[in-house]
Structure formats: C-alpha cells, structure tokens
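Residue strings, one per chain:
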Amino acid sequence: MKLILLIIFSLLSWNSFGASCCVSNTSIPNLMILPSKWQQTFGFSQARVIGDVDVKGTSTFRAKDNKETTTAARMDLAYGWTFRYQTGVSLKYQNKSRQFDDAQANNSGWSDVGLSHAYAPSMFDRLWIFQTVNIPTATSVYDAKSSLAVDAQGSGTYFTGLGFFKINNFKEGDLTFGGEAHRSFGRDIHTAQSDTHLNSYWGGSFSFGGGYVPWKSKMRLGTNFTPRLEGPKTGTNNGTQIKGKQSLVWDSVINATYSFDAQYAAGVSYLDQTLIGPVSNTILVRSLSFVFQSRF
Amino acid sequence: MRPIFLLMFLILGCGESPLLHHKNEKKNPVSGIFSLQSVPTFSVLKYQFKIDWDETPKLGGNKFDLKMWDMNRGSDQGPFHDPPTEMNIFLWMPAMGHGSSPVKISKIDTGEYRVSEIYFIMGGTWQIKFQLIQNSKVIDEVDLTYHL
C-alpha cells in the first residue's frame, strides 16, 4: 500500500499555473518525489485575469469585453544525481492575449528560465529543502514594446528562493506543507523611452493542503491553499522615485491526479485567486491546467 | 461532507473573499484630471500645455491632442511652441511599480502633438508622466493622475 501511495503522490509538488503581473509565481519546484533518475513533466494551461485589486484591498471584477488570457505550455525536467539530491530546469512558452472593446493584441514567446535543486535530508521523512533561481530571459512589463504590453512574458528580474516541502501520509490521505522565501535582485532596464532601476525586494509564500485517495484507487483528489506576499517594488524610473506597495494574493487549488504506473502520471488542476482574502495590489486569476509526467 | 463545508466556510470567512466582496468594472469609470481645471506647468522651463482627450480616458486604448506654449510668449489660445528640449511621455502605475507599452507621439504642427497608443492595461491608479529631457537627464516633469 505504501508504494502505491508513493506512486500516486508523485505529482504532489506540481505547481498550478497562476500567472500574475504582481506576485511572482515562484514557489515549490517540480520535485522528483519518487526515486528515479529522470523525470519530465509537461503541462498545458489557460489562465484568465478576473479582476484587479487596489492597495486598499478593493476588488474590481473586469467586464466581459476586458479580456486577458495566458495560454502556456510548460516543461519541467528533473535529474536525480543521488537518492537524495536532484536538480531541475523549467521552461515555459506562452501566448498572451489582451482584448478591450476597441483594442486587442496578442504575443507568443518564451517566459523566464527556472532552475532548481533540492535535497532530502536523511533525518526527516519525505521532506525536501530546495533552492530556485529565476533567470529573466524574457521581456517584462519594464521593457515591453507591443501594444497593451502583451510581450511582457517574464518577471524582469533575477530572483532566488529558498524553501521546503513536506508530505505526511496517513492511510488513504496526505497532508502537504511547503514554504519559500525569495529575494529579487536589483536590475537596470533601459528602453528607448525609459531608464528603470529596480531595487531588490523580498517575497514569500506558504502552501498547505491535503489529499484523499478514494476507493484504494490510483487517483488522488487534493486541494491546497497558498498565500503569496511580494514586497514593495522600489527604485527609480527616469530619475523619478518608484515607491510601490506590497502585494498579497491567495491561491486556492483543487486537483485530481492519476498514476497509471510507476512511470506515468497525469493530472488536472483548477486554480482560483478570487476565493480567499485578504488581497491587495494585485490581479486575480483563474486557471485550468493539465499535466503529464513520466520518469525512468 | 460536513467537515469540508465547514472548512470552506472558515477559510472564506477568515479574510475578505474577493468573490464575496467585489464591485464590477463599469464603462469609463475614470476619476481624476480629464478636463483640466488648472493648466499643467513645467515649472523649471516655464512651459505650459493642455490636453484634449478624444473621449474620457478608459481601460484599453486612448488618444489625446497636446498643445504647448512658452508662458512668456503664448497662452492656451496660442501661439504654441515646441518644448526647448526633448519631450518624453509615458504611463506609470505607482503602486505596482511598473508602466505600460510605449505611447506614440506624432508632431502635428509647432507646439501641437497627437499622442496615441495610450494603453491603460489594468484597473488602478495611473500616472501620465510628461518629461522634458536634456542630455539624458530629466530637467522638468509634470504628472497627471487618473483612477481607472
């Protein structure tokens, strides 16, 4: 039973796709939960911005003719160097579409590159300590050129996160916990119209959830909740001080995963940022994603 | 099922759920300066300007005409004058710490410009920054604030 549970839980650290302009989507990397050499995770998602939240926490849901969607294909590769140490890389190609009643634009391109490594200490059972690194290879909102800034496919800054992920199993269920703190590093971004200097800032998230394996099957039904906090962005823009405010948003996720065998698993996930508050200075997203994972 | 509903109730009740406490976006919900009561002034170089929006500023695409004059030689009725230095106009969201895509500035006549591709990409407080730049340095700036 324990091995079956372990196989079913192979997709536990898989992230839902919560695209956001304001709060980075850095959290737990796609960890290799099962002892394998290689693991590939392919995901496809569609996210839609539902509303905007001001600094006072007032939410405004967008009108029907104000559409912002992101369709993304994502690939995560993980390699286990030893039983306890693994490294990973994450690549994402996405299409951003923006539409108002009198204007529309869309753009496709690669998002930032994500790197990670993780270690499972021997003194703890099913606990991973990880570090993530974001490399801003994509255009961001700070140097977007396309109409409606649809070519802003990345975050714009280097950042690194340090965190943990823990699974507790019991009978047909599980509880999961994860947390991370990240630091975005300062960066100068020059365009024809503006010279922007962003100072470094802190952010963090904490995830908690649980799952249930019904009828002793190979399927797991799960949920998790993740508050994400992003520190205020400060710096200068063409000599003017930037004094941003901090952002807060909550991810609420339900997912279903199915493990075909020890090598293959698939899942579907729904993420909603409109359910739980308080929220502030952010956009609110709903997304649906599908994922397929193989390992050997 | 009862514990699940209880848990959801507790979670939704902990903070102010956006789903349960939100307002819906309205057409042209802008507030701020769109019919100017006072004339924007570059205080260092003593230039003033006025802008005439094609329509009330809104989320999405916007356009306006800008007319500028030297305070010592002109008025809002003319004659109009080109700024003495390079002029830069861009959008900025102070709370978010980011802007939008570049606006397009087309010269129509002396001191008269057509500013288009003004895209307010999301709701919130926006600034339109008008800057006069010399030797890559901002020497004068006027910000107009809009709440969308």
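Before reading on, note that the structure itself is shown above.
Colleague: I tried to follow the overall build of chain A on my own but got confused; where do I start?
Modeller: Scanning chain A from terminus to terminus reveals 1 helix and 18 strands. Taken over the C-alpha trace, chain A has a radius of gyration of 19 Å; the compact-globule value for 296 residues is 19 Å, and the two agree within 12%. With respect to the principal axes defined by its C-alpha atoms, chain A has extents near 60 × 40 × 35 Å. Residues classed as buried in chain A amount to 49% of the 296 residues present.

Colleague: Looking at this structure, how should I read the pairing of strand E4 (residues 85-99) of chain A?
Modeller: A regular strand places its side chains so that they alternate between the two faces of the sheet. Residues and elements named next belong to chain A. Where strand E3 (residues 67-80) lies against E4, 14 bridges are found, and the strand directions are antiparallel. Of the residues in E4, the one forming a bridge with Met75 is Leu91. Where E3 folds back on E4, the antiparallel hairpin that results is connected by 4 residues. The sheet contact formed by E4 and strand E6 (residues 113-119) spans 6 bridges and is antiparallel. The partner of Tyr85 across the bridge, within E6, is Tyr119. As paired strands, E4 and strand E5 (residues 104-110) are joined by 7 bridges and run antiparallel to one another. Residue pairing across strands places Gln94 opposite Gly109, the latter belonging to E5. Between E4 and E5, which follow one another and run antiparallel, lie 4 residues.

Colleague: Looking at this model, I keep getting lost on the interface of chain A and chain B. Mind explaining?
Modeller: Many authors give the size of an interface as the accessible area that is lost as the parts come together. Between chain A and chain B, the contact holds 47 residues from the first and 36 residues from the second. Where the side of chain A that touches chain B is concerned, the elements lending two or more residues are strand E1 (38-53), strand E2 (59-61), strand E15 (240-243) and strand E18 (282-295) of chain A. Taken together, the residues of the side of chain A that touches chain B sort by class into 20 nonpolar, 17 polar and 10 charged. Pairing of E2(A) with strand E1 (residues 22-24) of chain B involves 3 bridges; the strand directions are parallel. Note that in E1(B) the partner of A:Thr60 across the bridge is B:Lys23.

Colleague: Would you explain the nonpolar core in this entry?
Modeller: One recurring pattern in soluble globular proteins: nonpolar side chains tend to sit buried together. Grouped together as the largest cluster of nonpolar side chains are 51 residues, with contacts concentrated most on A:Ala149, A:Leu284, B:Leu91 and B:Phe120. Looking at this core element by element, the count peaks at 6 residues for strand E6 (residues 86-93) of chain B. Not counting residues up to four positions away in its chain, the partners in contact with B:Phe120 are B:Leu59, B:Gly60, B:Asn62, B:Leu91, B:Ser100, B:Trp126 and B:Leu148. In this structure, A:Leu31, A:Ala78, A:Phe130 and A:Phe165 belong to the second largest nonpolar core, which totals 10 residues.

Colleague: How should I be thinking about the sheet that holds strand E9 (residues 112-120) of chain B in this particular structure?
Modeller: Residue and element names in this part refer to chain B. The strand order across the open sheet built from 5 strands is E3-E4-E5-E9-E8, with neighbouring strands paired in antiparallel fashion. This sheet does not close on itself; its edge strands, each paired only once, are strand E3 (41-42) and strand E8 (104-109). The pairing of strand E4 (residues 47-53) with strand E5 (residues 60-70) spans 7 bridges and is antiparallel. Residue pairing in the sheet places Tyr47 in a bridge with Asp70 of E5.

Colleague: Which parts of the structure should I look at to understand the sheet that holds strand E11 (residues 195-198) of chain A?
Modeller: Residue and element names in this part refer to chain A. Read across the open sheet, the 4 strands follow the order E10-E11-E14-E15; overall the sheet is antiparallel. The strands lining the two open edges of the sheet, one partner per strand, are strand E10 (187-190) and E15. The sheet shows a mean angle of 20 degrees between the axes of neighbouring strands, taken without regard to direction. In terms of strand pairing, strand E14 (residues 234-237) meets E15 through 4 bridges, oriented antiparallel.

Colleague: Would you mind showing me how to read the pairing of strand E11 (residues 137-147) of chain B here?
Modeller: Residue and element names in this part refer to chain B. Here strand E10 (residues 125-134) runs beside E11; their pairing, made up of 10 bridges, is antiparallel. Along E11, the bridge assignment pairs Trp126 with Tyr146. Between E10 and E11, which pair antiparallel in sequence order, lie 2 residues; one of them, Asn135, sits at a positive phi of approximately 50 degrees.

Quick notes on the rules
Residues numbered from 1 in each chain as written. Chains lettered and ligands numbered in written order. Predicted model: local features only at pLDDT ≥ 70, side-chain atom pairs only at ≥ 80, totals over all residues. Helix = DSSP H or I, 4+ residues; strand = E, 2+ residues; numbered from the N terminus. Rg over C-alpha atoms; globule rule 2.2 N^0.38 Å. Buried ≥ 20, exposed ≤ 12 C-beta atoms within 10 Å, placed from the backbone. Pairing = 2+ DSSP bridges. Contact = placed C-beta atoms within 7 Å. Nonpolar A, V, L, I, M, F, W, Y, C, P; charged D, E, K, R; others polar. Core = buried A, V, L, I, M, F, W, Y, C linked by C-beta atoms within 7 Å. Axes fitted to C-alpha atoms, helices over the stretch in contact; angles between N-to-C directions.

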